Amino acid sequence: MLSHCFAITFHNTEEAVWLPEWSQQASMFHKPVTPGEFHFAVIVITILAYLSAFYFFYKPESELAKWFFIGFLGSMIVNAIFPHLITTILMKQYAPGLLTGLFLNLPINTFIIVRMFQNHYITWKELIISTIAVGSLLLTLIPLLFKAGGKMASSREPK
């Protein structure tokens with residue numbers, strides 16, 4: 001569980017440092033986003049990842065905890081491929097988050113999922129449905145978090 005938190009923290013930190021600037025020229029693949037918008041969103045997403053891990057750690061008997069956690073794991077695996085790898089290939093330019101996505105999120109999350117399969121703790125159906133559900137939730141949340149982050153950042157600007 002801690003390895004999942006480590007991986008997503010490094011991944012989201014990599015994105016937080018370089019993605020806002022990168023997004024200014026990558027409008028075909030990512031709407032331009034300000035640092036304030038992105039930093040707020042990435043902090044909330046990171047907190048949700050930690051909550052999923054700790055909820056599962058403390059309540060492993062809970063189906064909701066299990067689905068939330070494996071959905072997050074699966075979503076971060078998908079995220080390493082699309083958008084990061086696909087965007088890098090299509091743009092022929094590095095997309096922030098690719099290295100940590102491929103070399104941290106992908107192997108660590110895959111390892112955790114494989115162990116859960118080996119222990120007969122999850123099924124393919126659970127993994128697929130939870131990945132789609134959590135991934136959809138995150139994709140819905142991200143633009144809302146950008147908007148909230150933008151409002152927070154603009155409210156702090158001197159008038």
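Check the entry above for the structure.
Procedures and definitions
Residues numbered from 1 in each chain as written. Predicted model: local features only at pLDDT ≥ 70, side-chain atom pairs only at ≥ 80, totals over all residues. Heavy atoms only, no water. Salt bridge = Lys/Arg side-chain N within 4 Å of Asp/Glu carboxyl O. Helix = DSSP H or I, 4+ residues; strand = E, 2+ residues; numbered from the N terminus. Buried < 20%, exposed > 50% of the residue type's maximum accessible area, 1.4 Å probe, protein only. 1 Å grid on protein atoms, 1.4 Å probe; cavity = no way out; pocket = protein on both sides within 12 Å on 5 of 7 lines; lining within 4 Å. Points joined across faces, edges and corners; volume = space filled by probe spheres on them. Nonpolar A, V, L, I, M, F, W, Y, C, P; charged D, E, K, R; others polar. Phe/Tyr/Trp six-rings, centres within 6.5 Å; stacked < 30°, edge-to-face > 60°. Contact = heavy atoms within 4.5 Å. Polar contact = N/O pair within 3.5 Å; in protein donor to acceptor, adjacent residues only side chain to side chain. Expected span 1.5 Å × (residues − 1). Bend = angle between axes of the 7 residues up to and from the residue.

A. Representation of the pattern of salt bridges within the structure. Taken as a whole and assessed by the stated rule, the structure comprises 2 salt bridges. A salt bridge links K66 to E63, with the shortest nitrogen-to-oxygen separation between them at 3.7 Å. Highlighted residues: K66 and E63, both in helix α3 (residues 63-91), separated by 3 residues, approximately one helical turn. With relative accessibility at 45%, the residue E63 sits in the partly exposed group. With relative accessibility at 6%, the residue K66 sits in the buried group. Linked by salt bridges that have partners in common, E63, K66 and E126 make up one network.

B. Summary view of the layout of surface pockets. Taken as a whole, the largest pocket spans an internal volume of roughly 820 Å³. If you trace the largest pocket, you find 31 residues lining it, with N79, F82, P83, L139 and I142 closest to the centre. Of all the elements in the fold, those that place two or more residues in the lining of the largest pocket are α1 (2-23), α2 (35-58), α3 and α5 (124-156). The greatest single-element share of the lining of the largest pocket, amounting to 9 residues, is contributed by α5. Looking at the lining of the largest pocket residue by residue, the classes come out as 19 nonpolar, 10 polar and 2 charged.

C. Just the packing of aromatic side chains, in detail. Throughout the structure, instances matching the rule amount to 8 aromatic pairs. Aromatic pair F56 and F69: ring centres 5.1 Å apart, planes at 5°, arrangement stacked. Linking F56 in helix α2 with F69 in helix α3, this pair joins segments that are 13 residues apart in sequence. Both residues of the pair, F56 and F69, belong to the buried class. The interplanar angle of 85° and the centroid separation of 5.1 Å between the aromatic rings of F57 and Y58 together place this pair among those described as edge-to-face.

D. Focus on the environment of S23. Counting through the fold element by element, S23 comes out in helix α1. When the C-alpha positions of S23 and S130 are compared, they lie 29 Å apart, and in sequence the two are 107 residues distant. With residues near it in sequence (within four places) discarded, S23 still touches H30, K31, P32 and V33. A distance of 3.0 Å separates a polar side-chain atom of S23 from the backbone nitrogen of V33.

E. Representation of α3. For α3, spanning 29 residues, the distance from its first C-alpha to its last is 40 Å, which sits close to the expected 42 Å at 1.5 Å a residue. Of all the bends in α3, the largest measures some 35° and sits at N79, one to four residues before the proline P83. Of the residues that open α3, the one with a side-chain oxygen 3.3 Å from the backbone nitrogen of L64 is S62. One or two positions beyond α3, positive phi appears at K92, with a value near 55°.

Nothing here speaks to function; it is geometry throughout.
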